[in-house]
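# Architecture and fold: a report
Listed here are the chains, written in short residue letters.
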Amino acid sequence: MENRAYKFWFATGSQDLYGDECLANVAAHSKQMVDEWNKSGNFPYEIVWKPTLIDDTSIRQTFNEANADRDCAGVITWMHTFSPAKSWIHGLLEFRKPLLHLATQFNKEIPYDTIDMDFMNENQSAHGDREYGHIVSRMGIERKVIMGHWADENLQKRMASWMRTAVGILESSHIRVARIADNMRNVAVTEGDKVEAEIKFGWEVDAWPVNEAVDYVNAVSEADIKALTDEYYDTYDILLEGRDEKEFREHVAVQAQIEIGLRRFLEEKNYQALVTHFGDLGGMKQLPGLAIQRLMQDGYGFGAEGDWKTAAMVRLMKIMTAGMKDAKGTSFMEDYTYNLIPGKDGILQAHMLEVCPTIADGNIGIKVCPLSMGDREDPARLVFTSKTGPAIATSLIDLGTRFRLIINEVECKKNDKPMPKLPVATAFWTPKPDLKTGVEAWIYAGGAHHTAFSYDLTTEQMVDWASAMGIESVVIDADTTIRNLRNEMRWNSVVY
Ligand code: MN
């Protein structure tokens, strides 16, 4: 993952009605805030102080400079005093990047003993917030509003979380998906309108004959294959399970060759996500398994069976979590099998092979086993179980006339018992609010079997991203009831 070193501009709104001394204080306050924020270690990206905005000219100029600066991922606005909002109209009309309205105030407490009219005029964020908020709402501009004291760590974490959403909004239009196979025959939910996806999300989704990728695989040298196979043997537990050692290594080496070949193909052609399909492998000896798992670990998006929507979503969510301290992982995933025992109920998650090792808990092993589908040799794959804790599973579906993003909060748990005969990486989760309601809601919403899954993103971030893309989002969480959810979708159908 290589993200641009994005910066966020901090623009403070005021006016010249209260004199130069007041404006000097406004600037000093906002500089101090930016300095302390950047020192706090709570933000994934640097915040850049900008001179106080007091009129149409300065506001318009600042927003246009933000548009033009490739490193600027968004503007954080703060109304220190009252800033007449008609001054903001032209700047806002021309601004095209994520916008945060930070509703904060320099002083934390009202200085009861000393407060006079001068102090109140200088520190009237409550007043300024409403004038500015009104014009942004009236103009129907998508923005985030976050309120709290600027020095509060919880507020800073919310701002930091929004920064990741903002980078997702900006970077979405740089996602290019290589379809190294078309959609699996007869499957509905993985289909979609690629032209509309480019208009809405900025994704370029291109078809490639599988054998053009195979050419890259076949061109990999024996020395490169051996080096990467050695790396696999150093990194992972080798689980022979009765197979011949030499034959096992030959199977693993095929995945090393595919990993190197696909990586070169994607790098040369500038793709950040890919799809494969077990039924359309051309000259590939094995379905890419271990190879795909390693590419996903490095930040590539992936969707199986031609599922380009999920591939792009996995890539997007990897971008949004890039560089996160203590990240627990983001992966392509698939709902497989229910456990309906009360108290242990949930859904076993896996795929044929392609689960990202970033979500692994504990040791990762390599197995070589037959694939129950397709006609190729037994593929090598990484096997592991996944971390526990809260996470989100998302599904982007095409309803024919529009897209819907479904976000389900889930609680990941350990499998109740080992599954020695299941040769794939797994996760196990109970959807919120409970298995039955969660599954019923997911089905009513039309969610797919494939998901883009992450421990490291929140519902709020994904809802804000969907909002910025101008699409519907449907949340299934602890507050979900079936009646409300069905009504919400009825109302949404009118809105969209
Ligand atoms: Mn699948």
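Residues numbered from 1 in each chain as written. Predicted model: local features only at pLDDT ≥ 70, side-chain atom pairs only at ≥ 80, totals over all residues. Heavy atoms only, no water.

Right, let's get into the overall build of the chain. Along the chain, the regular secondary structure elements total 15 helices and 19 strands. Against the compact-globule benchmark of 23 Å for 496 residues, the chain has a radius of gyration of 25 Å, which places it among compact chains. Projected onto its principal axes, the C-alpha positions of the chain cover 85 × 50 × 40 Å. When each of the 496 residues of the chain is scored for burial, the buried share is 55%. Put simply, of all contacts in the chain between residues at least 6 apart along the chain, 79% involve residues at least 24 apart. When the accessible surface of the chain is split by element, carbon and sulfur atoms take 50% of a total near 21,700 Å². (Helix = DSSP H or I, 4+ residues; strand = E, 2+ residues; numbered from the N terminus. Rg over C-alpha atoms; globule rule 2.2 N^0.38 Å. Buried < 20%, exposed > 50% of the residue type's maximum accessible area, 1.4 Å probe, protein only. Contact = heavy atoms within 4.5 Å. Areas by Shrake-Rupley, 256 points an atom, 1.4 Å probe, with all protein chains shown as cover.)

Across the sheet, four strands lie side by side as S7-S6-S9-S10; this open sheet has parallel pairing. In the strand order of this sheet, the two ends are held by strand S7 (204–207) and strand S10 (301–303), each with one partner. Direction aside, the axes of adjacent strands within the sheet are offset by 20° on average. Bridge count between strand S6 (residues 176–179) and strand S9 (residues 273–275): three bridges; the pairing is parallel. Directly across from Ala 178, in S9, lies its bridge partner Leu 274. (Pairing = 2+ DSSP bridges. Axes fitted to C-alpha atoms, helices over the stretch in contact; angles between N-to-C directions.)

Let us look at the nonpolar core. Of all hydrophobic cores here, the largest spans 84 residues; its most connected members are Trp 37, Trp 203, Met 313 and Met 462. No other element matches the nine residues that helix H12 (residues 308–320) contributes to this core. The residues that make up this core include at least three from each of domain 1 (7–172) and domain 2 (176–495). When near neighbours in sequence (up to four residues on either side) are disregarded, Met 462 contacts Met 313, Leu 316, Met 317, Met 320, Ile 392, Thr 394, Leu 405, Ile 407 and Leu 457. Formed by 33 residues, the second largest nonpolar core is a distinct cluster that contains Val 220, Tyr 232, Val 355 and Trp 429. (Core = buried A, V, L, I, M, F, W, Y, C linked by side-chain atoms within 4.5 Å. Domains from an automatic or database assignment.)

What follows deals with the packing of helix H8 (residues 210–218) against helix H10 (residues 245–269). Taken N-terminus to C-terminus, the directions of H8 and H10 make an angle of 120°; their axes are 7 Å apart at the nearest point. Our classification of the angle between H8 and H10 gives oblique. Note on packing geometry: the crossing formed by H8 with H10 is right-handed. From H8, Glu 212, Ala 213, Tyr 216, Val 217 and Asn 218 reach across to H10, where they touch Gln 257, Ile 258, Gly 261, Leu 262, Arg 264, Phe 265, Glu 268 and Lys 269. Here the residues of the contact of H8 with H10 are counted per class, giving six nonpolar, three polar and four charged. (Parallel < 35°, antiparallel > 145°, perpendicular 65-115°, else oblique. Left-handed = near helix turned anticlockwise from the far one by under 90°. Nonpolar A, V, L, I, M, F, W, Y, C, P; charged D, E, K, R; others polar.)

Attention now goes to helix H11 (residues 290–297). In terms of residue burial, H11 counts as a mostly covered element, since seven of its eight residues are buried. For H11, the full list of buried residues reads Leu 290, Ala 291, Ile 292, Gln 293, Arg 294, Leu 295 and Met 296.

Residues Lys 144 and Ile 146 line the buried face of strand S5 (residues 144–147), whereas the alternating positions Val 145 and Met 147 sit on a face that is not buried. Two elements, strand S4 (residues 99–103) and S5, share four bridges in a ladder whose sense is parallel. Opposite His 101, over in S5, you have Val 145 as the bridge partner.

Domain boundaries assigned for the chain yield domain 1 (7–172) and domain 2 (176–495). Measuring from the centre of the C-alpha atoms in domain 1 to the corresponding centre in domain 2 gives 38 Å. Facing the twelve residues of domain 1 at the interface are 19 residues of domain 2. Taken together, the two surfaces of domain 1 and domain 2 that pack against each other cover about 1,300 Å², and 48% of this comes from carbon and sulfur. Among the residues domain 1 hides against domain 2, the three largest losses belong to Arg 164, Thr 165 and Ser 172. Together they make up 45% of the total. For the pair domain 1 and domain 2, the number of links is three salt bridges. The partner of Lys 144 in a salt bridge is Asp 464, with the nearest N and O atoms 2.7 Å apart. One can count nine residue pairs in polar contact (both at pLDDT 80 or more) joining domain 1 with domain 2. By residue number, the principal contributor to the side of domain 1 that touches domain 2 is helix H6 (residues 153–171), which donates eight residues. The residue makeup of the side of domain 1 that touches domain 2, split by class, is two nonpolar, five polar and five charged. (Buried area = accessible area lost by both parts, 1.4 Å probe. Salt bridge = Lys/Arg side-chain N within 4 Å of Asp/Glu carboxyl O. Polar contact = N/O pair within 3.5 Å; in protein donor to acceptor, adjacent residues only side chain to side chain.)

Attention shifts here to helix H15 (residues 482–495). The terminal C-alpha atoms of H15 lie 20 Å apart, and with 14 residues this matches the ideal 20 Å at 1.5 Å per residue to within 8%. Taken residue by residue, H15 has Ile 482, Leu 485, Met 489 and Asn 492 as its buried positions. What you see down the axis of H15 is that its buried residues fit within an arc of 85°, all on one side. Seen from the buried face of H15, the exposed residues on the opposite side, beyond 90 degrees, are Arg 483, Trp 491, Val 494 and Val 495. The elements touched by buried residues of H15 are strand S16 (403–413), helix H13 (435–445) and strand S19 (472–476). (Expected span 1.5 Å × (residues − 1). Arc of directions from axis to C-beta.)

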